[in-house]
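Read off the chains here:
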Amino acid sequence: MIDVDIERRLGVFALAVRFAIDVPVVGVFGHSGAGKTSVVDSIAGILTPDRGRIVVNGITLFDSAQGIDVAVDQRRVGYVFQDPLLFPHLDVRANLHYGLRLRAAAERIVEPTQVIELLGLQTMLRRRPTTLSGGERQRVAIGRALLAQPRILLMDEPLSALDLARRGEILDYIERLRTALRIPIVYVTHSIAEIARLADAAVLLDGGRCVAAGAVGDVLGHPGL
């Protein structure tokens, strides 16, 4: 369950988004400037709402009325950005294990060998990020986020910097993760095709507002689209 009800004034832009969805993958989409990144940044704790609450799997991450604002490093949120942002001085193995070492053994729900196999990283563990293709770097970034043992995985337009062939490749891997791991995903994109392929439910944003939220078929048929 992902329950978001937040408001935030950002200059002339007003974010006011509310949705509660209980599915494995939630697709968030809309035009540029609709507020998509602001929503996932709020879930991650990078952006603090002026008012509202954020609950993930029954755990309250933010509640302005109760004075709850869990620190970023305590939220256990995995975040995959448009740019992989890998550490260039570390090889793939060390990049993958960076977040893992911050978690106690009791908090670990995802094992390195499982992630390495699901993302097809076996042959590149000793390579540096500068020797990888764009698609390979993004796979490593996804693996690093998963090995941080997140309660939820946020993906903010992770395919936007890739060509069409690499996009299809990464979509295949994300589908494998969705099937194998029981970690909810919020997937941000402006691509209706990606929403239709990956998401179990969708949230359509426009001008900082939630225009529609629910089953993918219902949202894709919404007149506001």
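Notes on the structure follow. (Residues numbered from 1 in each chain as written. Predicted model: local features only at pLDDT ≥ 70, side-chain atom pairs only at ≥ 80, totals over all residues. Heavy atoms only, no water.)

Points about the overall build of the protein
So, step 1. Within the protein, the secondary structure is distributed over 7 helices and 11 strands.
So, step 2. Scaling as 2.2 N^0.38, a compact globule of 225 residues should have a C-alpha radius of gyration of about 17 Å, and the protein matches this with 17 Å.
So, step 3. Dimensions of the protein along its principal axes, counting C-alpha atoms only, are 45 × 40 × 30 Å.
So, step 4. Buried positions account for 50% of the 225 residues belonging to the protein. (Helix = DSSP H or I, 4+ residues; strand = E, 2+ residues; numbered from the N terminus. Rg over C-alpha atoms; globule rule 2.2 N^0.38 Å. Buried < 20%, exposed > 50% of the residue type's maximum accessible area, 1.4 Å probe, protein only.)

Here we look at the side chain of Arg 75
So, step 1. Looking at the element boundaries, Arg 75 is found in the loop between β6 (68–69) and β7 (77–80).
So, step 2. The class for Arg 75 is buried, based on a relative accessible area of 2%.
So, step 3. Separated by 2.7 Å, the side chains of Arg 75 and Asp 69 make a polar contact.
So, step 4. In this structure, Arg 75 is in contact with Ser 42, Ile 43, Ala 44, Gly 45, Leu 61, Phe 62, Asp 69, Val 70 and Arg 151, ignoring residues within four places of it in sequence. (Polar contact = N/O pair within 3.5 Å; in protein donor to acceptor, adjacent residues only side chain to side chain. Contact = heavy atoms within 4.5 Å.)

What to know about helix α4 (residues 134–147)
So, step 1. The end-to-end C-alpha distance of α4 is 20 Å, a good match for the 20 Å that 14 residues give at a rise of 1.5 Å each.
So, step 2. Counting buried positions along α4 gives 12 out of 14 residues, so the element sits mostly inside the fold.
So, step 3. Among the residues of α4, those classed as buried are Gly 135, Glu 136, Gln 138, Arg 139, Val 140, Ala 141, Ile 142, Gly 143, Arg 144, Ala 145, Leu 146 and Leu 147.
So, step 4. On the buried face of α4, the contacting elements are β7, α2 (92–97), α3 (112–118), β8 (152–156) and α5 (164–180).
So, step 5. Just downstream of α4, Gln 149 is the residue with a positive phi angle, here 60°. (Expected span 1.5 Å × (residues − 1).)

A word on the environment of Arg 9
So, step 1. Residue placement: Arg 9 occurs in strand β1 (residues 2–10).
So, step 2. Sequence-wise, Arg 9 and Arg 51 are 42 residues apart; in three dimensions their C-alpha atoms are separated by 9.9 Å.
So, step 3. If we skip the residues at most four places from it in the chain, Arg 9 touches Ala 14 and Asp 50.
So, step 4. Within polar-contact distance, the side chain of Arg 9 engages the backbone oxygen of Val 12 at 3.4 Å.

Comments concerning the pattern of salt bridges
So, step 1. This model, assessed by the stated rule, comprises 12 salt bridges.
So, step 2. For Asp 5, the salt bridge identified is with Arg 51, shortest N-O distance 3.1 Å. Placement of the pair is Asp 5 in strand β1 and Arg 51 in strand β4 (residues 51–56), with a sequence separation of 46 residues.
So, step 3. Note on Asp 5: relative accessible area 18%, which makes it buried.
So, step 4. The residue Arg 166 makes a salt bridge to Glu 169 at a minimum N-O spacing of 3.6 Å. One end of the pair is Arg 166 and the other is Glu 169, both in helix α5 and 3 residues apart, which spans about a single turn. (Salt bridge = Lys/Arg side-chain N within 4 Å of Asp/Glu carboxyl O.)

Details of the packing of aromatic side chains
So, step 1. Counting across every chain of the model gives 2 aromatic pairs.
So, step 2. When the ring of Tyr 79 is compared with that of Phe 81, the centres are 4.1 Å apart and the planes differ by 10°; the resulting orientation is stacked.
So, step 3. A relative accessible area of 14% places Tyr 79 in the buried class.
So, step 4. For the pair Phe 87 and Tyr 98, a centre-to-centre distance of 4.6 Å together with 50° between the ring planes defines the contact as tilted. With Phe 87 in the loop between β7 and α2 and Tyr 98 in the loop between α2 and α3, this residue pair connects regions lying 11 residues apart in the sequence. (Phe/Tyr/Trp six-rings, centres within 6.5 Å; stacked < 30°, edge-to-face > 60°.)

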